[in-house]
Amino acid sequence: MKPILFDFPKSSSSFRVRIAAAVKEIPLELHLVDFRKDAQRSDEYLAVNPAGLVPALKHDELIIAQSGAIIRYLDRLSPDNVLFPATDPLATQVEELTGAIACDIHPLNNLRVLEYLRAQFDKDQDAVSEWYRHWISKGFEGLEKRIAATSGKYCCGDQLTAVDVYLAPQMFNARRYDTPLERFPTLVRIDNELRLLETFQSAAPD
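Summarised in this report is the structure supplied together with it. (Residues numbered from 1 in each chain as written. Predicted model: local features only at pLDDT ≥ 70, side-chain atom pairs only at ≥ 80, totals over all residues. Heavy atoms only, no water.)

**Examining the overall build of the protein chain**
Reasoning step 1: Scanning the protein chain from N- to C-terminus turns up nine helices and four strands.
Reasoning step 2: Since a compact globule built from 206 residues should have a radius of gyration of about 17 Å, the 17 Å found for the protein chain is in line with a globular shape.
Reasoning step 3: Oriented by its inertia axes, the alpha-carbon framework of the protein chain measures out at about 45 × 45 × 25 Å.
Reasoning step 4: The buried share of the protein chain, reckoned over its 206 residues, is 48%. (Helix = DSSP H or I, 4+ residues; strand = E, 2+ residues; numbered from the N terminus. Rg over C-alpha atoms; globule rule 2.2 N^0.38 Å. Buried < 20%, exposed > 50% of the residue type's maximum accessible area, 1.4 Å probe, protein only.)

Next up, the structure:
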């Protein structure tokens, strides 16, 4: 039975999982959770993920509701195209850099945060977009320097890893919000490489 991914196309966390599944060559059955219709707040979806967030993955009786845990699970399902290497120093580099993106950059620009700025602080779209650009730029400052030290063709040498899977959606969103990227040449160079890959193209929201 195919794993079922509860998905919203423009969710960067869901985008990560779609990329990982494509790289691992694991077919998914996609179930749309349409945020435009508040489907994430429906009783039906809350029975799957009580947090009301995407993605969530259902495989047989197992339900996983965090993108990092889902990607690790997919990585264990198949021995091919390993995303989380097992040996150091690469293993620790991948842990560090995926954490930097998932924990330091992504949460400040999560849809819930942007909606709260609009609803509770009466911020218009220009102000919300400026918030997004500010915090993603602050996050990219450290990430650029760190990945400049670890990169080859991709984020960690010439091997595609989970760091690349995490980086691509963040770069997609940065461009979506017109974030200036001139100060981040390493991230831009790697993202350009990733955008040429069929696996990344097939998973993209657009």
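**Here's the deal with the environment of Gly 152**
Reasoning step 1: Take Gly 152: it is sitting in the loop between α6 (125-150) and α7 (162-176).
Reasoning step 2: C-alpha separation for the pair Gly 152 and Ile 190, spaced 38 residues apart in sequence, amounts to 8.7 Å.
Reasoning step 3: Residues contacting Gly 152, with those up to four places away along its chain left out, are Gly 157, Asp 158 and Arg 189. (Contact = heavy atoms within 4.5 Å.)

**A short note on the packing of aromatic side chains**
Two measures describe an aromatic ring pair: the distance that separates the ring centres and the angle between the ring planes.
Reasoning step 1: Scanning all chains against the criterion turns up six aromatic pairs.
Reasoning step 2: Between Phe 6 and Tyr 45 the ring centres are 5.8 Å apart and the planes differ by 50°, which places this aromatic pair in the tilted class. With Phe 6 in strand β1 (residues 4-7) and Tyr 45 in helix α2 (residues 43-46), the pair connects residues that are 39 residues apart, well separated along the chain. The pair Phe 6 / Tyr 45 is uniform in exposure class, with both members buried.
Reasoning step 3: When the ring of Phe 15 is compared with that of Phe 172, the centres are 5.8 Å apart and the planes differ by 85°; the resulting orientation is edge-to-face. Within this pair, whereas Phe 15 is found in helix α1 (residues 12-24), its partner Phe 172 is found in helix α7, the two being separated by 157 residues in sequence. The same class applies to Phe 15 as to Phe 172, namely buried.
Reasoning step 4: Above the face of the Phe 84 ring, Arg 72 is positioned so that its terminal group lies 4.0 Å from the ring centre. (Phe/Tyr/Trp six-rings, centres within 6.5 Å; stacked < 30°, edge-to-face > 60°. Lys NZ or Arg CZ within 6 Å of the ring centre and 35° of its normal.)

**With respect to the pairing of strand β3 (residues 56-59)**
Reasoning step 1: Both β1 and β3 contribute to a ladder of three bridges, which runs antiparallel. Looking across to β3, one finds that Ile 4 is bridged to Lys 58.
Reasoning step 2: Relative to strand β4 (residues 62-64), β3 is paired through three bridges, and the arrangement is antiparallel. Within β4, the residue paired with Leu 57 across the bridge is Ile 64.
Reasoning step 3: Once β3 ends, the chain turns through two residues before running back antiparallel as β4, passing Asp 60 with a positive phi of about 55°. (Pairing = 2+ DSSP bridges.)

**Regarding the nonpolar core**
Reasoning step 1: Grouped together as the largest cluster of nonpolar side chains are 52 residues, with contacts concentrated most on Phe 140 and Leu 143.
Reasoning step 2: Ranked by residue count, the leading element in this core is α7, at nine residues.
Reasoning step 3: When sequence neighbours within four positions are dropped, the list of residues in contact with Phe 140 reads Ile 105, Gln 170, Met 171, Ala 174, Leu 181, Phe 184 and Leu 187. (Core = buried A, V, L, I, M, F, W, Y, C linked by side-chain atoms within 4.5 Å.)

**Observations concerning the layout of surface pockets**
Over the atoms a probe the size of a water molecule is rolled, and this reveals where empty space is left.
Reasoning step 1: Estimates place the volume of the largest pocket at around 840 Å³.
Reasoning step 2: Lining the largest pocket are 34 residues, and of these Ser 11, Val 54, His 106, Asn 110 and Leu 111 lie nearest its centre.
Reasoning step 3: Taken together, the elements giving at least two residues each to the lining of the largest pocket come down to α1, α3 (67-77), α5 (111-121) and α7.
Reasoning step 4: Among the elements that line the lining of the largest pocket, the one with the most residues is α5, at five residues.
Reasoning step 5: Taken as a whole, the second largest pocket spans an internal volume of roughly 210 Å³. (1 Å grid on protein atoms, 1.4 Å probe; cavity = no way out; pocket = protein on both sides within 12 Å on 5 of 7 lines; lining within 4 Å. Points joined across faces, edges and corners; volume = space filled by probe spheres on them.)

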